[in-house]
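Reading the structure
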Amino acid sequence: MNRERLAELADQLIPAESGMPSASEAGAVAEWLDAVLAARPDFAVPLAGLDGSTAGLEPAEAIAALPERDPAGWSALTAAVVAAYYMNPDVCARIGYSGQQAIPLDPDARPDYLQDGLLHSVKSRGPVYRATP
């Protein structure tokens, strides 16, 4: 896999804009791509095939042609680059994403669906079903 060519394509997908780094500046074709490939090794073959399927095309032309010319490569490229971009802690900090967090369940709290009478009409209607034979 030619990382230089991959960087050109990735920067077409995610260019530097509005204070955000481009894909290559964020390491989406370097260390973070390595992390993606560790989790999804099945992306390696389609990404390696991008060299052949985009040969002779400028990056913008390659991005326009890839979905039809190499659907598997296009799918792997878009999934891997976006995942790698958002794995970068600096990118996450810039967009205000602190990561997934556990929200503890309060066993004494009333569920939302029991508040504000949301189920009142359903409960007052009574059971509606057909008995099974």
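For the structure itself, look to the data block above.
Residues numbered from 1 in each chain as written. Predicted model: local features only at pLDDT ≥ 70, side-chain atom pairs only at ≥ 80, totals over all residues. Heavy atoms only, no water.

**Brief notes about the overall build of the protein**
Across its full length, the protein holds eight helices and zero strands. Listed by position from the N terminus, the elements making up the protein come as α-α-α-α-α-α-α-α. Since a compact globule built from 133 residues should have a radius of gyration of about 14 Å, the 24 Å found for the protein marks it as more spread out than a globular shape. Along the longest, intermediate and shortest principal axes, the C-alpha atoms of the protein span 70 × 45 × 30 Å. (Helix = DSSP H or I, 4+ residues; strand = E, 2+ residues; numbered from the N terminus. Rg over C-alpha atoms; globule rule 2.2 N^0.38 Å.)

**Describing the packing of aromatic side chains**
If you walk through the whole model with that rule in mind, you get one aromatic pair. An angle of 90° between the planes, with centres 5.1 Å apart, marks the rings of Tyr85 and Tyr86 as edge-to-face. (Phe/Tyr/Trp six-rings, centres within 6.5 Å; stacked < 30°, edge-to-face > 60°.)

**What to know about the pattern of salt bridges**
By the definition in use, this model includes four salt bridges. The salt bridge involving Asp34 is made with Arg3; its shortest N-O contact spans 2.7 Å. With a gap of 31 residues between them, Asp34 in helix α2 (residues 31–39) and Arg3 in helix α1 (residues 3–13) connect regions that are remote in the sequence. By relative accessible area, Asp34 is classed as partly exposed at 42%. Between Asp42 and Arg40 there is a salt bridge whose closest N-O contact spans 2.6 Å. Since its relative accessible area comes to 43%, Asp42 is described here as partly exposed. Accessibility expressed as a relative area gives 38% for Arg40, which makes it partly exposed. (Salt bridge = Lys/Arg side-chain N within 4 Å of Asp/Glu carboxyl O. Buried < 20%, exposed > 50% of the residue type's maximum accessible area, 1.4 Å probe, protein only.)

**Re the nonpolar core**
Counting 27 residues, the largest nonpolar core has Leu47 and Leu77 as the members making the most contacts within it. Breaking this core down by element, the ones donating at least two residues are α1, α2, α5 (59–69) and α6 (71–87). Apart from the residues lying within four places of it in its own chain, the contact partners of Leu47 are Met1, Leu6, Leu33, Leu37, Ala76, Leu77 and Ala80. (Core = buried A, V, L, I, M, F, W, Y, C linked by side-chain atoms within 4.5 Å. Contact = heavy atoms within 4.5 Å.)

**Looking at the packing of α1 against α5**
Relative orientation of the contacting elements α1 and α5 amounts to 75°, with a least axis distance of 9 Å. On the basis of their axis angle, the class for α1 and α5 is roughly perpendicular. Touching Arg5, Glu8, Leu9, Gln12 and Leu13 of α1 are Pro59, Ala60, Ala62 and Ile63, all from α5. Tallied by class, residues from the contact of α1 with α5 come to six nonpolar, one polar and two charged. (Axes fitted to C-alpha atoms, helices over the stretch in contact; angles between N-to-C directions. Parallel < 35°, antiparallel > 145°, perpendicular 65-115°, else oblique. Nonpolar A, V, L, I, M, F, W, Y, C, P; charged D, E, K, R; others polar.)

**Here we look at unusual backbone geometry**
Even without glycine at this site, Ser18 takes up a positive phi of about 50°. As for its position among the elements, Ser18 is in the loop between α1 and α2.

**Focus: a nonpolar patch on the surface**
The grouping of Tyr113, Leu114, Leu118, Leu119 and Val122 at the surface amounts to a nonpolar patch, some 440 Å² of accessible area in total. Position of Leu118 among the secondary structure elements: in the loop between α7 (89–95) and α8 (120–125). According to the relative accessible area criterion, Leu118 is exposed, its value standing at 59%. (Patch = residues over 30% accessible without salt bridge, like charges linked within 9 Å, V, L, I, M, F, W, Y side chains within 5 Å. Areas by Shrake-Rupley, 256 points an atom, 1.4 Å probe, with all protein chains shown as cover.)

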